[in-house]
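# Coordinate analysis (summary)
If you want the building blocks of each chain, they are given just below.
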Amino acid sequence: MSALIHEDRLFPADPGTRAIARRLYQSVKDLPLLSPHGHTDPRWYAQNEPFPDPAQLLIVPDHYIFRMLYSQGIPLADLGVPSADGSPVETDGRKIWRRFAENYFLFRGTPTRLWLDDTFVNLFGITEPLNGKTADVIYDQIAALLTRPEYRPRALFERFNLEVIATTDGALDDLRWHKMLRDSDWKGRVVPAYRPDAVIDPDAVGFQANLDTLGAISGADTGTWQGYLDAHRSRRAYFKSFGATSSDHGHLTAETANLGEAEAKSLFDRVRSGKADAREKALFRAQMLTEMAKMSRDDGLVLQIHPGAWRSHSAEILQKFGRDKGFDIPMQTDYVTALKPLLDCVGLDPNVTVVLFTIDETSYSRELAPLAGAYPALRLGPPWWFFDSPEGMRRFRELTTETTGFYNTVGFNDDTRAFPSIPARHDVSRRVDSAYLARLVAEHQMPEEEAMEVSQDLAYRLAKRAYKL
Amino acid sequence: MSALIHEDRLFPADPGTRAIARRLYQSVKDLPLLSPHGHTDPRWYAQNEPFPDPAQLLIVPDHYIFRMLYSQGIPLADLGVPSADGSPVETDGRKIWRRFAENYFLFRGTPTRLWLDDTFVNLFGITEPLNGKTADVIYDQIAALLTRPEYRPRALFERFNLEVIATTDGALDDLRWHKMLRDSDWKGRVVPAYRPDAVIDPDAVGFQANLDTLGAISGADTGTWQGYLDAHRSRRAYFKSFGATSSDHGHLTAETANLGEAEAKSLFDRVRSGKADAREKALFRAQMLTEMAKMSRDDGLVLQIHPGAWRSHSAEILQKFGRDKGFDIPMQTDYVTALKPLLDCVGLDPNVTVVLFTIDETSYSRELAPLAGAYPALRLGPPWWFFDSPEGMRRFRELTTETTGFYNTVGFNDDTRAFPSIPARHDVSRRVDSAYLARLVAEHQMPEEEAMEVSQDLAYRLAKRAYKL
Amino acid sequence: MSALIHEDRLFPADPGTRAIARRLYQSVKDLPLLSPHGHTDPRWYAQNEPFPDPAQLLIVPDHYIFRMLYSQGIPLADLGVPSADGSPVETDGRKIWRRFAENYFLFRGTPTRLWLDDTFVNLFGITEPLNGKTADVIYDQIAALLTRPEYRPRALFERFNLEVIATTDGALDDLRWHKMLRDSDWKGRVVPAYRPDAVIDPDAVGFQANLDTLGAISGADTGTWQGYLDAHRSRRAYFKSFGATSSDHGHLTAETANLGEAEAKSLFDRVRSGKADAREKALFRAQMLTEMAKMSRDDGLVLQIHPGAWRSHSAEILQKFGRDKGFDIPMQTDYVTALKPLLDCVGLDPNVTVVLFTIDETSYSRELAPLAGAYPALRLGPPWWFFDSPEGMRRFRELTTETTGFYNTVGFNDDTRAFPSIPARHDVSRRVDSAYLARLVAEHQMPEEEAMEVSQDLAYRLAKRAYKL
């Protein structure tokens, strides 16, 4: 292993505890990867074409990276981030890469650094630290490898030991790439996940047209409440037919509602007519989370709720560069009041699975662990987004385990568009959980043989069970 | 000591720090237990009858246990939890025990596991880990011991080295068991605590009738504001005559008020007439916290405020099984605004003691430590409920000590109905505080001789002083 | 070094990690001190007179100290804290010192204890622990030293290796002491910081008269909105001419606004007429933060925002003793919504620097790190006030680094009136950051040579760059 990454990275310094962590990690490090929630492009696996140059692969699409560089004064255009208004941006991958390399020190102490160093070493065989001096050599080395067959998506999927990966697909998506995959002779398991925000959020761009399209492709009358629900049922069944086991919902809040039939119908009519005000739109989104949960009861799709991000906080960045540019900022998120209507509806049903995520860590011990430690339908998703990091994972365990245990959690999600980083992300999770368990063992809170079992649960079995993979 | 529990459990892994922790712990582990806040039944000590079977003793009444099992899909009825509607539940202790034993792995990483293993070893002499295979043998062993005289409540009280235990008793309670104890020749000190929620919360079941009863037993006219206050004074005096040193209040929020006499009288009249609206009811509860604080100034009872739990969050569980079934969920709790009226009234009086608890850990460093580090009347209660746990206790010290020191805290409360677990709970607290202090010593923030003194303060002296025991 | 303080204090106990921490600390411990934000009195340096007796120097002005003693029942008057109403207070320094010494144990586990022990040893050569028995001897020893020339302010400034210190000065201040310093032959660099709360907050005492004065000294017409803004520009330029590089703003909330010209003018007219209601006053404060940011864009002063403290929470303390008596209590603070108007105005400008502080730690990982990790104009101030402490600093790094890195933070601020404690405060910061970095090195998250570089950035270079010193 290169000096860039150490075989004991992320393990506690105390030698006794480290030895335990090593043993726990050894027992899970080679388990297959389950990726039940992520954002890779199904087209990659379907077409299996080579990835583009190193900058287009690793820098341009990664908002963790370009937002940090931007926060230190480097223009997004200089990093090749596509503009929304067509104004020119850097297209020379080598120049982008050099800017990144010269500023790689900015990522000290961040998970991006861990993921990239791991990727450099284990995927690309790099042995030198990245900086302004080594930028070109490393660029060339990666660029050369990307042209090889064993660096195409399907080969990497297999190399990564991925047992299954879920993509995230809009309700209106025809799943053509999944179809192509199904019809191919490749055995890699790539499944869609149902993400209906564009036909649930009345503030989504083109919402009314989206509902028209939803009607057209589902054969249901999306001019009526029941027809609209039927259209969702139809699409969910379609997604299931391609292996989907989950839906995903990115609402601003965790608000849910459970209106009576007449009220819900009337609310839908307001929304469908385009006359709904802000409160009615929010109520509709809230109602639809509960409707999705009720459909989950029937069709078994796992419901994932990802609330709390103020998307595109900077108006200017949104206008010039569009969404997902690193300006999504977490907000205080209430779950206890917000989820009650949904929970009163399906929360006691052990056959329903609702996975809750948060980017407001204050909710871990105060709300999420107590809720998941009581309601049979609730499970806690792994630390999300900013908290998909060593400290974030450690805090997650420390703040939730004593109240909700390990078995109300669902293992790891890599939740990423950055395909090459997937093994590194799972590895960080397996290391940090090993370190956490090692401390419990070293402090005689758990025998090592039980920690070994928990370790495998966290790395593999819990995700498999929760997501029905 | 059995392999089930290790003599160094909960001590830091670093050998040097562990050695310090051991020494600190040695100096406190045999100190008498003070239990100034708890929920054991005074009838146990008064009648001194044998405890029922292992399941009825350890599983059925413990919401920490059955809510975790329920969260993983095991019906409450199968665990013997009594239904509110009379529908049948499991009554076979052995069957309940087996279900629990088979799922004991769910408690890995939780304090329940620590408490139970300690109880199994130290109270019942168990040497095998509990699981489906050992369930029956362990059940039999505990059941046999429970029939012996040395496992009756008074014998256990003495075995546990309890110096004093407080029960929690409604304002209308006649304290008959405390009377029986006072009239007995047993020397164990069991004192009541005044818990007047049922005559303070206008939303309490039977509130109006409760006030009638309060009038009848106190001889005061609870149809008037002054008579109502007199009735409280009378009951507080009655409780004091049985050794009470504290009152306890479980409000949803920490809201307090300090209305003028006329306003307070008028508010009481609205409440007494049953016509108060939600806001008036809340204001009445708020006003009564301040009234209780004013009475504390006169009679010296320590005022304990336990806010922030949304009781019985699931409507269906409340209906089918009643209160206290593990569905109490913490909420964001404000103290700074909420307590100001009470603090402007009595907060600067060093002869008043108001002990604040929280289940919203965000308030530790932001609100509670700064408040208790300034107002002479304020003290911080130990980590409560979900946070009566190793990580919870560690965070409490880390988040409060630097701002409020050790001497504005009040030692440990076991706060439990689970009598057999009391020594284990105190032991966890003594170990975790020893570990925390050992780190301060190892990092040269405090000399060991001072840590030794603090250790004894935390384990014994602070509770004795704060609760006037 | 005395037994009172250990050369390895605040370093991790694990021997391997400690060795790394030692090396990192060695590389920064003798770097010059930069103090870009503090509250020492410029008069001290200008007049260079001896400091008064030990109690007046160390106890009476330090609200960390007297609030803790007060919280345990010791009257403020007995500690010499001046009354607001002229009622008598203790003036005998020796008596005050004895009360403090007898209760020095209350500070166990607090940063005050660390700072004072360091000051006792390193500044005053004390070798015995302070307590009731040693109180007089230590008092005499310090008192004797304070009469010597080498304990006068300028000599201490040099002894402390201060490269530059900023004071905090009201907008109306004539900066006479800074002028005297500029005209002196002493080379110590003491610069003002622009703190205009008294002419920005309509609730400030004497606000209207303050604006009259502001007009008089700036030559601008503070009866009009543009004249008022011109007056600020004029004063900022005046402060800059004495070396100021920053402004500082202590608002209750982080609320900002960016009104159109007509609205802003109309709002100013309401405020200036004294007819503004509470909402308008708040809006004016909000607008003025954005105006200050816009002026920063022009004149380069760094904008520091310190929100979230409910000042003088106890009405009685405020009345009897005035402001800054330890009764300032943190409140929940929102940044994401509050700062948006300011950020939409100047947030993307890399030439603007807005430094954000908080005393609501929940905002570190949820709001502040994500905001500063995106907006080029934002930087995170060091842990403030209650969190200027070992645990506070550790949490700051753990909660912010993974999202915003090290380079969006600005090094240490001592933020103190307690001049003798300045070296101890910087030393704590350098030790705690060394300990944090040592853990990253020991866990193989960062090579030691990079940690060495970061260590020096945190101790010196980041403050120099962010504050343009």
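The structure displayed is predicted, hence computed values, not measured ones.

Let us now look at the overall build of chain A. Across its full length, chain A holds 20 helices and 11 strands. On C-alpha atoms alone, chain A measures out to a radius of gyration of 23 Å, which is about the 23 Å that the 2.2 N^0.38 rule sets for 469 residues. Once the C-alpha set of chain A is aligned to its principal axes, its extents read approximately 65 × 60 × 45 Å. Looking at chain A as a whole, 58% of its 469 residues are labelled buried. In chain A, the proportion of contacts linking residues at least 24 apart, taken out of those at least 6 apart, comes to 76%.

When the parts of a complex come together, some accessible area is lost, and that lost area is often used as the size of the interface. In this assembly, 38 residues from chain C lie in contact with 38 residues from chain B. Per-element accounting of the side of chain C that touches chain B gives the leading share, four residues, to helix α4 (residues 63-71) of chain C.

Once that is clear, we can look at the sheet that holds strand β4 (residues 190-191) of chain A. Residue and element names in this part refer to chain A. Ordered by their spatial adjacency, three strands build an open sheet running β1-β2-β4, and the pairing between neighbours is parallel. Of all the strands in the sheet, just β1 (33-35) and β4 have a single pairing partner and so form its edges. In terms of strand pairing, strand β2 (residues 162-166) meets β4 through two bridges, oriented parallel. Looking across to β4, one finds that Ile165 is bridged to Val190.

With 38 residues of chain A in contact, the opposing surface of chain C contributes 38 residues. Elements with a minimum of two residues in the side of chain A that touches chain C: α4 (63-71), α6 (111-122), α15 (315-321), β9 (329-330) and α18 (390-404) of chain A. Broken down by element, the residue count for the side of chain A that touches chain C peaks at four residues, all from α4 of chain A. In terms of residue class, the side of chain A that touches chain C is built from 17 nonpolar, 12 polar and nine charged.

On to helix α5 (residues 93-102) of chain C, then. Listed in full, the buried residues belonging to α5 of chain C are Gly93, Ile96, Trp97, Arg99, Phe100 and Ala101 of chain C. Those residues of α5 of chain C that are buried lie in contact with α3 (54-58), α4 and α7 (135-146) of chain C.

Turning next to the sheet that holds strand β4 (residues 190-191) of chain C. Adjacent strands of a sheet pair through backbone hydrogen bonds, lying either parallel or antiparallel. If you walk across this open sheet you meet the three strands as β1-β2-β4 (chain C), and the pairing is parallel. In this open sheet, the two edge strands, each paired with only one partner strand, are β1 (33-35) and β4 of chain C.

Our focus in this paragraph is the relation of the copies chain A and chain C. You can overlay chain A on chain C at an RMSD of 0.0 Å; the transform is a turn of 120° with a shift of 0.0 Å along its axis. The operation mapping one copy onto its partner corresponds to a three-fold rotation axis. Residues of chain A ranked by C-alpha distance from the rotation axis are headed by Asp14 of chain A, positioned 3.5 Å from it. The fraction of interface residues of chain A whose copies in chain C are also interface residues is only 5%, indicating that the copies meet through different surfaces.

The transformation that overlays chain C on chain B combines an axial shift of 0.0 Å with a rotation of 120°, and the residual RMSD is 0.0 Å. Little of the interface of chain C is mirrored in chain B, where only 5% of its interface residues are also at the interface.

Let us look at the pairing of strand β2 (residues 162-166) of chain B. Where strand β1 (residues 33-35) of chain B lies against β2 of chain B, three bridges are found, and the strand directions are parallel. Residue Leu33 of chain B lies in a different strand from β2 of chain B, and its bridge partner there is Leu162 of chain B.

All names here are of chain A. Here the domain parsing of chain A yields domain 1 (15-49 + 153-466) and domain 2 (50-151). A separation of 28 Å is found between the C-alpha centroids of domain 1 and domain 2. When contributions to the side of domain 1 that touches domain 2 are tallied by element, the ones reaching two or more residues are α8 (153-159), α15 and α19 (422-442). Per-element accounting of the side of domain 1 that touches domain 2 gives the leading share, five residues, to α19. In the side of domain 1 that touches domain 2, the residues fall into nine nonpolar, five polar and eight charged.

With that settled, consider the nonpolar core. Nonpolar side chains in soluble globular proteins tend to be buried together. Core analysis: the largest hydrophobic core is formed by 444 residues, its most contacted members being Ile59 of chain A, Ile59 of chain B together with Ile59 of chain C. Those residues in contact with Ile59 of chain C, other than ones at most four positions away along the chain, are Ile65, Phe66, Leu79, Gly80, Ile96, Trp97 and Phe100 of chain C.

Turning next to the packing of helix α19 (residues 422-442) of chain C against helix α20 (residues 448-466) of chain C. All names here are of chain C. Between α19 and α20, whose axes approach to 10 Å, the crossing angle comes to 160°. The angle between α19 and α20 falls in the class roughly antiparallel. The element α19 and its partner α20 pack so that their crossing is right-handed. Together, Arg430, Asp433, Ser434, Leu437, Leu440 and Val441 of α19 and Glu448, Ala451, Val454, Ser455, Leu458 and Ala459 of α20 make up the contact between the two elements. When the residues that make up the contact of α19 with α20 are grouped by side-chain class, the tally is seven nonpolar, two polar and three charged.

So, about the pairing of strand β6 (residues 246-249) of chain C. All names here are of chain C. Side chains Ser246 and Asp248 of β6 all project onto a buried face; the interleaved residues Ser247 and His249 project onto the opposite face, where all are buried too. Summarising the sheet, β6 and strand β7 (residues 302-305) pair through four bridges and their orientation is parallel. Directly across from Asp248, in β7, lies its bridge partner Gln304.

This paragraph deals with helix α11 (residues 207-218) of chain C. Between its first and last C-alpha atoms α11 of chain C spans 16 Å; for 12 residues at 1.5 Å apiece the expected length is 16 Å, and the two agree. Immediately downstream of α11 of chain C, the backbone of Gly219 of chain C shows phi near 75°, a positive value.

Our focus in this paragraph is the packing of helix α18 (residues 390-404) of chain B against helix α19 (residues 422-442) of chain B. Residues and elements named next belong to chain B. Across the interface, α18 lies against α19 with an axial gap of 10 Å and an inter-helix angle of 45°. Between α18 and α19, the crossing angle belongs to the class labelled oblique. Crossing of α18 over α19 shows right-handed handedness. Listed contacts from α19 to Pro390, Met393, Arg394 and Arg397 of α18 are Val428, Ser429, Val432 and Tyr436.

Here the focus is unusual backbone geometry. Residues and elements named next belong to chain C. Here Asn48, not a glycine, exhibits a phi torsion of approximately 55°, which is positive. Residue placement: Asn48 occurs in the loop between α2 (42-47) and α3. Residue Asn48 is classed as partly exposed on the basis of its C-beta count, with 18 C-beta atoms lying within 10 Å. With a phi close to 65°, Trp385 is a non-glycine residue in the positive phi region. Mapped onto the secondary structure, Trp385 falls in the loop between β11 (378-380) and α18 (390-404).

As a further point, take the environment of Asp117 of chain C. All names here are of chain C. Structurally, Asp117 can be placed in helix α6 (residues 111-124). Among the residues examined, Asp117 registers 22 C-beta atoms within 10 Å and is labelled buried. Linking Asp117 and Ala424, residues 307 residues apart in sequence, is a C-alpha distance of 8.9 Å. With residues up to four places along the chain from it excluded, the contact list for Asp117 reads Leu4 and Ile5.

On to the environment of Met295 of chain B. Residues and elements named next belong to chain B. In this fold, Met295 is placed in helix α14 (residues 278-299). With 57 residues separating them in the primary sequence, Met295 and Val352 have C-alpha atoms 9.5 Å apart. Residues in contact with Met295, not counting those within four places in the same chain, are His232, Arg233 and Arg236.

Our focus in this paragraph is the environment of Pro447 of chain A. Its location among the elements puts Pro447 of chain A in the loop between α19 and α20 (448-466). For the pair Pro447 of chain A and Leu437 of chain A, spaced 10 residues apart in sequence, the C-alpha to C-alpha distance is 9.8 Å.

Calculation notes
In this numbering scheme, every chain counts its residues from 1 along its sequence in written order. Naming scheme: in the order in which they are written, chains are lettered from A and ligands are numbered from 1. Only residues with pLDDT of 70 or above have their local features reported here, since the model is predicted, and side-chain atom pairs are shown and tallied only from 80 upward, although totals for entire chains, interfaces and linings are computed over all residues. Only DSSP runs of H or I covering at least 4 residues are called helices, and only runs of E covering at least 2 are called strands; the numbering of each starts at the N terminus. Throughout, the radius of gyration refers to the C-alpha atoms, and the reference size of a globule is 2.2 Å times the residue count to the power 0.38. To assign burial, the other C-beta atoms lying within 10 Å of each residue's own C-beta are counted, with C-beta atoms placed from the backbone; 20 or more indicates buried, 12 or fewer indicates exposed, and intermediate counts indicate partly exposed. By definition, residues are in contact whenever their C-beta atoms, placed on the basis of the backbone, come within 7 Å of each other. A strand pair is defined by DSSP finding two or more bridges across the two strands. Under the scheme applied, nonpolar residues are Ala, Val, Leu, Ile, Met, Phe, Trp, Tyr, Cys and Pro; charged residues are Asp, Glu, Lys and Arg; polar residues are all the others, including Gly. The fit set for superposing copies consists of C-alpha atoms from residues with pLDDT of at least 70 in both; the fit itself is least squares. The start and end points of each domain follow an automatic or database-based domain assignment. Nonpolar cores are built from buried Ala, Val, Leu, Ile, Met, Phe, Trp, Tyr and Cys residues. These are joined into a set through C-beta atoms within 7 Å. Think of each axis as a best-fit line through the C-alpha atoms, taken over the contacting stretch in the case of a helix, with angles from 0 to 180 degrees between the N-to-C directions. The labels follow the angle: roughly parallel below 35 degrees, roughly antiparallel above 145, roughly perpendicular from 65 to 115, and oblique for the rest. Working rule for handedness: look at the near helix, and if it is turned counterclockwise from the far one by less than a right angle, call the crossing left-handed; if clockwise, right-handed. In this analysis, the expected span of each helix is defined as 1.5 Å times one less than the number of residues it contains.

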